[in-house]
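Structural overview
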Amino acid sequence: MSIPTLPELSNYQTRVNQLLADKLDALAVNDTKLLEAMRYGLLIGGKRMRPYLVYTTGLALGAEINDLDGVACALECIHAYSLLHDDLPAMDDDDLRRGQPTCHKAFDEATAILAGDSLQTLAFDFLANHTFSAFGTQKMPMLLKQLVAAAGYQGMCGGQALDLSATDTQITLAQLETIHQLKTGALLKASVTMAAECAPKVTEEQKISLATFAELIGLAYQVQDDIIDITSTQEQLGKPKGSDIEANKSTYPALLGLSGAQQKADHLYQESLQALARLPYNTDNLAQFATFIVRRTH
């Protein structure tokens, strides 16, 4: 199977990268080293999948792109901070990220921790101080509520804690799915649901279908991550191959076998397309995104 291209991906990457860089450039400088570590963690690379999903979803639903800018940047800051902390010796203890030394290797451990903390608060700065439309401003409380739920104890952080607890432990498939619905899926789901909040004409029923789609692709994303962790090269991954296996973490291929994991990813993919089919919008780009998720090799 060929890997599909994502419509407008490079344009959205350029857009969000510029917005992120402009935000960092506008900060009053106190500690230069910390600011450079923030810049390193936020701008040295990344596919920008969450911003892409925000723009693709929101524009398909009729949201204003300026409103989506604030959401896309906030989610990317949360994602970047999570990677800086995930790579730390106390967590996954990784030396490479996106083909480059991890932040604590490029700087030091204390600076990497503070850089992650700073990027987390920068996410809320993006929402609190962004110039939204009148409709987007009305939606600010809901946007903050969804970001908090996705990033905190009931979302990504809770999933990371469960993931650490499951290391060196035999867990069930249901437990593994719970971990990844929180650790990986929560931010991907928020990329869809927060974008939908910015669209004035979307009904509550349609938001439920969008949330279902997002949950399914969020899980498919992690299943595919586990697959490519053992099937791709270190050069393709930009980090050590088989790092989850070496860390003795439960993965979908470990529980289901490689073929079973691939079947799981395809099943989630098919279900996600069924959720999209219930929507009265042009969701071709979202379907393309789902295809990309299960066919990517890095």
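Owing to the predicted nature of the structure, the values given are computational and were not obtained by experimental measurement.

1. So, unusual backbone geometry
The phi torsion of most residues other than glycine is negative, and most of the peptide bonds are trans. The backbone of Glu-8 sits at a positive phi, close to 70°, despite the residue not being glycine. Within the element layout of this structure, Glu-8 appears in the segment before helix H1 (9-26). Even without a glycine there, the phi angle at Asp-168 is positive, about 65°. Tracing the backbone through its elements, the reader meets Asp-168 in the loop between helix H9 (156-165) and helix H10 (173-183). A residue is classified by how much of its surface remains accessible, and Asp-168, at 57% relative accessible area, is exposed.

2. Some details on the confidence of the model for the chain
Averaged over all residues, the pLDDT of the chain is 92; the fraction at 70 or higher stands at 93%. Mean pLDDT values for the elements of the chain range from 57 in helix H13 (residues 234-237) up to 98 in helix H2 (residues 32-43).

3. Let's talk about the packing of helix H4 (residues 65-86) against helix H11 (residues 185-197)
For the pair H4 and H11, the least separation of the axes is 10 Å and the interaxial angle reads 170°. With respect to each other, H4 and H11 are oriented roughly antiparallel. Seen from H4, the contacting residues are Leu-68, Val-71, Leu-75, Ile-78 and His-79; seen from H11, they are Leu-187, Ala-190, Ser-191, Met-194 and Ala-195. Along the lines of polarity and charge, the residues of the contact of H4 with H11 split into eight nonpolar, two polar and no charged.

4. Brief notes about the environment of Thr-178
In this structure, Thr-178 sits in helix H10. On the basis of relative accessible area, Thr-178 is assigned to the partly exposed category, the value being 36%. Separated by 41 residues in sequence, Thr-178 and Leu-219 have C-alpha atoms that sit 9.3 Å apart.

5. Overview of the packing of aromatic side chains
Counted according to the given criterion, the structure contains four aromatic pairs. When the ring of Tyr-12 is compared with that of Tyr-52, the centres are 5.7 Å apart and the planes differ by 55°; the resulting orientation is tilted. With Tyr-12 in helix H1 and Tyr-52 in helix H3 (residues 49-61), the pair connects residues that are 40 residues apart, well separated along the chain. Measuring from ring centre to ring centre gives 5.9 Å for Tyr-52 and Phe-289, while their planes differ by 20°; the resulting arrangement is stacked. Note that Tyr-52 is positioned in helix H3 and Phe-289 in helix H16 (residues 284-295), a separation of 237 residues in sequence. Exposure class is identical for Tyr-52 and Phe-289. Each is buried. In textbook terms, an aromatic cluster arises when at least three aromatic residues are bridged by ring pairs, as seen for Tyr-12, Tyr-52, Tyr-55 and Phe-289. The ring of Phe-126 carries the charged tip of Lys-23 above its face, separated from the ring centre by 5.0 Å. Here the basic side chain of Arg-296 rests over the ring of Tyr-221, its NZ or CZ set 4.0 Å away from the ring centre.

6. Things to note about the environment of Ala-134
Of note, Ala-134 is situated in helix H7 (residues 134-138). The exposure class of Ala-134 is exposed, given its relative accessible area of 60%. Sequence separation between Ala-134 and Asp-67 is 67 residues, and the spatial gap between their C-alpha atoms is 9.7 Å.

Cut-offs used in this document
Residues numbered from 1 in each chain as written. Predicted model: local features only at pLDDT ≥ 70, side-chain atom pairs only at ≥ 80, totals over all residues. Heavy atoms only, no water. Helix = DSSP H or I, 4+ residues; strand = E, 2+ residues; numbered from the N terminus. Buried < 20%, exposed > 50% of the residue type's maximum accessible area, 1.4 Å probe, protein only. pLDDT = per-residue confidence, 0-100. Axes fitted to C-alpha atoms, helices over the stretch in contact; angles between N-to-C directions. Parallel < 35°, antiparallel > 145°, perpendicular 65-115°, else oblique. Contact = heavy atoms within 4.5 Å. Nonpolar A, V, L, I, M, F, W, Y, C, P; charged D, E, K, R; others polar. Phe/Tyr/Trp six-rings, centres within 6.5 Å; stacked < 30°, edge-to-face > 60°. Lys NZ or Arg CZ within 6 Å of the ring centre and 35° of its normal.

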